[in-house]
Amino acid sequence: MKWGRKEILYKQIKLLFNHIKKYSVFICICLILTIMVSVIQVWTADKLIPIIENALDGNKSKMIESMIYYLKLILGLIILTYLRNLIAYKLSSKCEKKLYSDAIQSLSKKGVAYFDNNDSGNIISILNNDTKKIKEFIGTDLIQIIYVPVLFLIILFYMLNVNKTLTIIVFALITLTNIFSFVKSSDLDDIALQVKTAEGDLNSFEKEILNDEYSIRITNASKFFNCKHKNLVGKLNEKEILFAKMSAIDYIPSLINEYVPLIIVIIFGSLFVAKGKLSIGQFTAYIQLMTYLCLPMSKYAEMIVDLRSTTASVIRYNNIFSFKDERADGYPLYINGNNQKDIPIVKFEHVTFSYNNKKNLLSDINFSVNKCEKIGIVGPTGCGKSTILKLIMGFYTNQSGKILFSGNDLSNINLESLREHISLVNQNKYIFPDTVAYNISSGRHRDYQEDEKGILKAANDAMISDYVLKKMNKGFNSILYQSGSNLSEGQKTRLALARAFYKNAALLILDEPTAALDEESEKQIMDTIFNNVNLTAIIVSHRVSTVKKCNRIIVLSSNGTIEEVGNYEQLVYDKGAFCKYYIS
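What counts as what
- Residues numbered from 1 in each chain as written.
- Predicted model: local features only at pLDDT ≥ 70, side-chain atom pairs only at ≥ 80, totals over all residues.
- Heavy atoms only, no water.
- 1 Å grid on protein atoms, 1.4 Å probe; cavity = no way out; pocket = protein on both sides within 12 Å on 5 of 7 lines; lining within 4 Å.
- Points joined across faces, edges and corners; volume = space filled by probe spheres on them.
- Helix = DSSP H or I, 4+ residues; strand = E, 2+ residues; numbered from the N terminus.
- Nonpolar A, V, L, I, M, F, W, Y, C, P; charged D, E, K, R; others polar.
- Pairing = 2+ DSSP bridges.
- Axes fitted to C-alpha atoms, helices over the stretch in contact; angles between N-to-C directions.
- Parallel < 35°, antiparallel > 145°, perpendicular 65-115°, else oblique.
- Left-handed = near helix turned anticlockwise from the far one by under 90°.
- Polar contact = N/O pair within 3.5 Å; in protein donor to acceptor, adjacent residues only side chain to side chain.
- Contact = heavy atoms within 4.5 Å.
- Patch = residues over 30% accessible without salt bridge, like charges linked within 9 Å, V, L, I, M, F, W, Y side chains within 5 Å.
- Areas by Shrake-Rupley, 256 points an atom, 1.4 Å probe, with all protein chains shown as cover.
- Salt bridge = Lys/Arg side-chain N within 4 Å of Asp/Glu carboxyl O.
- Lys, Arg positive; Asp, Glu negative; His and termini not counted.
- Charge placed at Lys NZ, Arg CZ, Asp CG, Glu CD.
- Phe/Tyr/Trp six-rings, centres within 6.5 Å; stacked < 30°, edge-to-face > 60°.
- Buried < 20%, exposed > 50% of the residue type's maximum accessible area, 1.4 Å probe, protein only.
- Core = buried A, V, L, I, M, F, W, Y, C linked by side-chain atoms within 4.5 Å.
- Arc of directions from axis to C-beta.

A. Local environment of the layout of surface pockets. By volume, the largest pocket is sized at about 1900 Å³. If you go around the largest pocket, you meet 44 residues; those closest to its centre are Phe-395, Leu-424, Asn-426, Asn-428 and Tyr-430. Put simply, the parts of the chain that give the lining of the largest pocket at least two residues each are helix H4 (60-109), helix H5 (112-117), helix H8 (188-211), helix H13 (385-392), helix H14 (415-419), strand E6 (422-425) and helix H18 (489-503). For the lining of the largest pocket, the leading source of residues is H18, giving 6 residues. Counted by class, the lining of the largest pocket contains 15 nonpolar, 12 polar and 17 charged residues. Roughly 700 Å³ of volume is contained in the second largest pocket. Together, 28 residues line the second largest pocket, and Ala-113, Gly-394, Phe-395, Tyr-396 and Thr-397 are the ones closest to its centre. At the level of elements, H5 and strand E4 (400-405) are the ones that each hand at least two residues to the lining of the second largest pocket. Taken together, the residues of the lining of the second largest pocket sort by class into 10 nonpolar, 11 polar and 7 charged.

B. Main features of the sheet that holds strand E2 (residues 362-369). Here we have 4 strands laid out as an open sheet, ordered E2-E1-E4-E5, and antiparallel in their pairing. The open sheet terminates on both sides in strands that have one partner only, identified here as E2 and strand E5 (408-409). Note that strand E1 (residues 346-353) and E4 share 5 bridges and pair antiparallel. Note on E4: the bridge partner recorded for Phe-348 is Ile-403.

C. Summary view of the packing of helix H2 (residues 24-46) against H4. Relative orientation of the contacting elements H2 and H4 amounts to 155°, with a least axis distance of 9 Å. With respect to their mutual orientation, H2 and H4 come out roughly antiparallel. Relative to H4, H2 is oriented so that their crossing is left-handed. Of the residues assigned to the contact of H2 with H4, the class counts are 19 nonpolar, 4 polar and 2 charged.

D. Seen up close, the side chain of Ser-557. Along the polypeptide, Ser-557 turns up in the loop between strand E9 (552-556) and strand E10 (562-566). Side-chain polar atoms of Ser-557 contact the side chain of Asn-559, separated by 2.2 Å. Not counting the four nearest positions on each side in its chain, Ser-557 is found in contact with Pro-380, Cys-383, Glu-563 and Tyr-581.

E. Examining a positive patch on the surface more closely. Taken together, the side chains of Lys-22, Lys-90, Lys-94 and Lys-97 make up a positively charged region of the molecular surface. For Lys-94, the position within the fold is in helix H4.

F. A look at the packing of aromatic side chains. One pass over the full model with this rule turns up 11 aromatic pairs. In textbook terms, an aromatic cluster arises when at least three aromatic residues are bridged by ring pairs, as seen for Tyr-114, Phe-115 and Phe-323.

G. Highlighting the sheet that holds strand E3 (residues 374-378). Strand order in the open sheet made by the 6 strands is E6-E7-E8-E3-E9-E10, with mixed pairing throughout. A strand with exactly one partner marks an edge of an open sheet, and here the two such strands are E6 and E10. With direction set aside, neighbouring strand axes in the sheet form an average angle of 15°.

H. Structural view of the environment of Ile-413. Positionally, Ile-413 belongs in the loop between E5 and H14. Placed 84 residues apart in sequence, Ile-413 and Asp-329 show a C-alpha to C-alpha distance of 7.6 Å. In this structure Ile-413 touches Arg-327, Asp-329, Gly-330, Tyr-331, Leu-333, Phe-405, Asn-408 and Leu-418, once residues within four positions along its chain are discounted.

I. Seen up close, the pattern of salt bridges. Under the definition given, this model contains 12 salt bridges. Residue Asp-325 pairs with Lys-110 through a salt bridge whose shortest N-O separation is 2.6 Å. Placement of Asp-325 in the loop between helix H12 (280-322) and E1 and of Lys-110 in the loop between H4 and H5 is noted, with a sequence separation of 215 residues between them. Owing to a relative accessible area of 36%, Asp-325 belongs among the partly exposed residues under this scheme. Taking the relative accessible area as the measure of exposure, Lys-110 reaches 5% and is therefore buried. Residues Asp-527 and Lys-549 are paired through a salt bridge, measuring 2.8 Å at the closest nitrogen-oxygen approach. Residue Asp-527 is found in helix H19 (residues 519-531), and its partner Lys-549 is found in the loop between helix H20 (544-547) and E9; the two are separated by 22 residues along the sequence. A residue is classified by how much of its surface remains accessible, and Lys-549, at 53% relative accessible area, is exposed.

J. Representation of the nonpolar core. Formed by 43 residues in total, the largest nonpolar core has its most connected members in Val-436, Ile-440, Phe-476, Leu-495, Ile-539, Ile-553 and Phe-578. In terms of residues, this core owes the most to one element, H18, which gives 7 residues.

K. Highlighting the environment of Lys-324. In this structure, Lys-324 sits in the loop between H12 and E1. In this structure Lys-324 comes out as exposed when scored by relative accessible area, which is 72%. Between the alpha carbons of Lys-324 and Tyr-114 there is a distance of 8.4 Å; along the sequence they are 210 residues apart.

L. Structural view of helix H16 (residues 452-461). All of the buried residues along H16 are Ile-455, Ala-458 and Ala-459. The buried residues of H16 occupy one face: seen down the axis, they fall within an arc of 100°. Projecting away from the buried face of H16 at angles above 90 degrees are the exposed residues Lys-453 and Lys-457. Looking at the buried residues of H16, the elements they touch are helix H15 (436-440), helix H17 (465-471) and H18. Phi for Met-463, located one or two positions after H16, is positive at around 60°.

M. Geometry of unusual backbone geometry. Within the chain, Met-463 stands out as a residue other than glycine whose phi angle is a positive 60°. Residue position: Met-463 is located in the loop between H16 and H17.

N. Structural detail: the environment of Val-314. Tracing the backbone shows Val-314 in helix H12. In this structure the C-alpha to C-alpha distance between Val-314 and Leu-193, which are 121 residues apart in sequence, comes to 9.8 Å.

See below:
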């Protein structure tokens, strides 16, 4: 089924409302106050008639009485307008908070596949720019979009009872201009979405530049990146100019609605007064009502244009929720060391995997990791080494075959429970902007004093305790900066290893763990891993020295199959694929 523009708009607004329906009471109050404001505005115009007519008749007492009544209505109008705007502001603030919270909560449930397919800069753009755009729309334009038609209908009903001819002339013009504006602005949907996408691309690129400034400078690539940034800015400006050009046409009805209806009322109203078909009081009331209506009606076309832009933000926001969440089902995993000694920690049985159902990256993979074994995985770039680790951690689901963790089918295990039994140190070592102790304790909010023995042991094993205690002012309570900018790459690696050691999980996964370390530091850390006879580990590395002491080394081919398996001595003796890749 192909969705039309109206169906898409309705669907997106419905999806958005699901996030803010808990604030339905606020929305209803705003609507009620909007209707009350509209009624009182017409009422105040109506009460101008007796004031003017009593003044013309010289009846001062009734004129003063009418003026007092009129002032009471104005006071009521001010109070109700203030309350409506105050509630609308609170509503928009609450909605922004809810939208942001829902998006963050949804992102936390997404699998790695979502982040592999969606750039982080675009996600940040949605969280910051699009949620703000939606908030502004809810707080201002949404109320106006409801208020103007309500006011339009009430004034129309009132004026028809006073003078049908003048009313039909004025309202026919206003209706036609707004129909034109609404129909013409429908062409802006695609352009608005293109503008938002271009903004996301620019934000993503700027984030990339800021995160890798060192590499850009060392490779003298500044000119290239400046040129690319200029092109992205140019592309965004091009889309914004196109949007502005198309929007400018839609502002023509705004100008017509702002001036022409009032001019028509003044000209034709004067003629009707001269012919006795309209009293001076009614004529004044007409002008008052036109001042109430013309300005908001002139802005109405602009709000429709803004609605198109907001629709693009709503579509981008809703796309977060359209992507399937990582599964949360499955039973908790319990590992009993005494009763499960002979059961492999990890076992792959004829596992095949491909990204997006394209060419197989892994084909018919079979291996097992027994308790207390250290298994190395090597192979050429792109052969699927890191993909095997992602499958073990449940980040992706294999197309065929079976993965067992401690004898349990991984597809039946709760993923959060599974990851409690896995420690990971990969090439992207995240550092929390908090204390060293907090970082080592895996964000478990433990101060150094709370578990001094455990934190110190993990730091000693990772060979970072001397640096922390001797070089950092507050030792393990020292604060680390965002992304660990006050640590070297080697220190970040050691800290990540300390975090893994502290967790003491059933399986330790190391993905290029010592890439940032010198040979001596690598030897000392790997000796710590291999000397721990109770530790079960899977180690992926391009360095032979890192996997040399492994019980078994799995050699992957470039087409994602296992070429050979054995310990270092066996593989060297066989002079097969391992020697081809690593032994010159």
